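# Descriptive structure summary
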Amino acid sequence: MFRNNGGGFVVAEFAIALPLLILLMYGLATISVQSFIVGREQLADYVLEAEAQYVMEQISQVARTAREVEIAPGGGYVKFVYHVVKDKPQSGGTSLNGHYLFINNDVLETQYFMLYARNGRDAPNLYAKRQDDGRYNNPITGENYFGDTKVNYLKCEVDEAKKVLHVSLEMEKLVTEQEIESPFTERKKRKIKLDTAVYMPNYKAGG
């Protein structure tokens, strides 16, 4: 009788402990999923901020040496023509120690910042290109593994009298449906907007 009662007692303990164990495992799984979602969203926020800052730095850097600025009426692209100093070997000339003599050539180069949505993608990316050749291979925004983004607008305006370029950029973090409907935390599509003004000492009105 003692063994039977003991066996029954073990079964009763197991019957009580099993639901508690299931609840504990479910709780741990829920916390793990929530932590993963929150961590992924924080990483995506960082990607959004880093890309927006990078775009503004690139445009500002080119604009500071720009001689000409061409802005698409619809804001689809902005083109810069800027000065670059390149070293070129002087023809027929060498120094006494046998090395080439170099002269500085002030040449003009172009830089495009263009918005384009590739096939199979609704959100536009921003591309930095040397020429408008119709090829879009390596965007400087969006399609990041850690968090996708899109450019809502890139607006540029030149104050010709003051030789100042005003730049306004708005980007948005793309959130999947699964993240939006997550029961753990409220999901919102986060946007970031940056504005800056760049002085262009070499700018010539009218090209």
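Conventions adopted
- Residues numbered from 1 in each chain as written.
- Predicted model: local features only at pLDDT ≥ 70, side-chain atom pairs only at ≥ 80, totals over all residues.
- Heavy atoms only, no water.
- Helix = DSSP H or I, 4+ residues; strand = E, 2+ residues; numbered from the N terminus.
- Buried < 20%, exposed > 50% of the residue type's maximum accessible area, 1.4 Å probe, protein only.
- Contact = heavy atoms within 4.5 Å.
- Areas by Shrake-Rupley, 256 points an atom, 1.4 Å probe, with all protein chains shown as cover.
- Pairing = 2+ DSSP bridges.
- Axes fitted to C-alpha atoms, helices over the stretch in contact; angles between N-to-C directions.
- Core = buried A, V, L, I, M, F, W, Y, C linked by side-chain atoms within 4.5 Å.
- Phe/Tyr/Trp six-rings, centres within 6.5 Å; stacked < 30°, edge-to-face > 60°.
- Lys NZ or Arg CZ within 6 Å of the ring centre and 35° of its normal.

Quick look at the overall build of the protein chain now. The helix and strand tally for the protein chain stands at two helices and seven strands. Ordered by position from the N terminus, the helices and strands of the protein chain form the series α-β-β-β-β-β-β-α-β. Counting every position in the protein chain, which comprises 207 residues, the buried fraction comes to 30%. Summarising the internal contacts of the protein chain: among those between residues at least 6 apart in sequence, 53% fall at separations of at least 24. Taken as a whole, the protein chain presents about 13900 Å² of accessible surface, with 54% of it coming from carbon and sulfur.

In this section: the side chain of lysine 173. Along the chain, lysine 173 turns up in strand S6 (residues 164-173). Lysine 173 sits in the buried class, given a relative accessible area of 3%.

On to the sheet that holds S6, then. With antiparallel pairing, the three strands of this open sheet are ordered in space as S5-S6-S7. Each having just a single partner strand, strand S5 (149-159) and strand S7 (191-199) make up the two edges of the open sheet. Across the sheet, the mean angle from the axis of one strand to that of its neighbour is 10°, orientation sign disregarded. As defined by bridge partners, S5 adjoins S6 across 10 bridges and the pair is classed as antiparallel. When the bridges of S6 are listed, valine 158 appears paired with leucine 165.

In this section: the nonpolar core. Counting residues in hydrophobic clusters, the biggest one holds 27 residues, and the most contacted among them are Ile59, Val69, Phe80, Phe113, Leu154, Leu165 and Leu169. In terms of residue count, helix H1 (residues 2-63) provides more of this core than any other element does, seven residues in total. Apart from the residues lying within four places of it in its own chain, the contact partners of phenylalanine 80 are Ile59, Val62, Ala63, Ala66, Glu68, Val69, Glu109, Thr110, Gln111, Phe113 and Leu165.

Take the packing of aromatic side chains next. Between two aromatic rings, the relevant description is the distance of the centres plus the angle of the planes. Evaluated as defined, the whole model comprises six aromatic pairs. When the ring of phenylalanine 80 is compared with that of phenylalanine 113, the centres are 6.1 Å apart and the planes differ by 80°; the resulting orientation is edge-to-face. With phenylalanine 80 in strand S2 (residues 77-94) and phenylalanine 113 in strand S3 (residues 100-116), the pair connects residues that are 33 residues apart, well separated along the chain. Note on phenylalanine 80: relative accessible area 0%, which makes it buried. Relative accessible area serves as the criterion here: at 1%, phenylalanine 113 is assigned to the buried category. For the pair tyrosine 127 and tyrosine 136, a centre-to-centre distance of 5.2 Å together with 70° between the ring planes defines the contact as edge-to-face. Judged by its relative accessible area of 17%, tyrosine 136 falls in the buried class. Ring pairs connect the aromatic residues Tyr116, Tyr127 and Tyr136, which therefore count as one cluster. Above the ring of tyrosine 136, the side-chain terminus of lysine 129 is found at 4.2 Å from the ring centroid.

Remember, this is a structural readout, not a statement about activity or role.
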